Amino acid sequence: MVAAALVWLGIVGFQESKSYYVTVDEYASSKGTLEGKTLKLAGEVVPGSIDRTKPQLEFVIGNQDKKIRVQYIGKEIIPDTFKDGTKALVEGKATPEGIFQANHIEAKCASKYEVEYEKRSSPQ
């Protein structure tokens with residue numbers, strides 16, 4: 001009985017920790033079928049959308065013409081590289097109101113740094 005309970009707890013814990021990786025386009029076209037599931041949502045921070053005046057940071061990430069409003073509810077420090085126009089990966093869940101509540105934010109380095117690195121590392 002104890003072993004069965006431990007196995008059940010392990011399976012439930014694994015299911016809860018799983019997160020699906022989706023782009024903004026995939027998320028927008030899902031029409032609410034991803035609501036309540038833990039997701040990793042990838043997109044670009046829309047310039048001018050970062051709002052630090054509210055109790056929780058809010059911003060918009062997008063990809064082409066699709067945009068998703070994100071509310072950061074996590075406790076971790078936001079990366080220094082998190083700025084307008086950067087590529088971001090947010091992990092969290094969608095609410096019934098269509099807001100993505102993120103508990104984790106990763107900001108990718110801007111491509112200008114990658115280009116600069118390639119210039120420096122290529123043989124001349």
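Look a little higher up for the structure.
Rules used throughout
Residues numbered from 1 in each chain as written. Predicted model: local features only at pLDDT ≥ 70, side-chain atom pairs only at ≥ 80, totals over all residues. Heavy atoms only, no water. Phe/Tyr/Trp six-rings, centres within 6.5 Å; stacked < 30°, edge-to-face > 60°. Helix = DSSP H or I, 4+ residues; strand = E, 2+ residues; numbered from the N terminus. Buried < 20%, exposed > 50% of the residue type's maximum accessible area, 1.4 Å probe, protein only. Core = buried A, V, L, I, M, F, W, Y, C linked by side-chain atoms within 4.5 Å. Contact = heavy atoms within 4.5 Å.

Is there a simple way to think about the packing of aromatic side chains in this case?
Each aromatic ring pair is summarised here by two numbers: the centre-to-centre distance and the angle between the ring planes. For the structure on display, the rule yields two aromatic pairs. Where Y27 meets F100, the ring centres are 6.0 Å apart and the plane angle is 85 degrees; that geometry is what we call edge-to-face. In this pair, Y27 is assigned in helix 2 (residues 24-29) and F100 in strand 6 (residues 100-107), connecting sequence segments 73 residues apart. Of the two residues examined, Y27 and F100, each falls in the buried class. Between F59 and F82 the ring centres are 4.8 Å apart and the planes differ by 70 degrees, which places this aromatic pair in the edge-to-face class.

Is there a simple way to think about the environment of P55 in this case?
Turning to its location among the elements, P55 is positioned in the loop between strand 2 (39-45) and strand 3 (58-63). Between the alpha carbons of P55 and Y72 there is a distance of 9.7 Å; along the sequence they are 17 residues apart.

Honestly, the nonpolar core in this entry has me stumped. Any pointers?
The nonpolar side chains of a soluble globular protein tend to be buried with one another. Formed by 21 residues in total, the largest nonpolar core has its most connected members in Y27, L41, F59, I61, F82, V90 and F100. Listed by contribution, the elements that provide at least two residues to this core are helix 2, strand 2, strand 3, strand 4 (66-72), strand 5 (87-94) and strand 6. Ignoring sequence-local partners within four residues, the contact set of F82 consists of V45, I50, R52, L57, F59, A88, I105 and A107.

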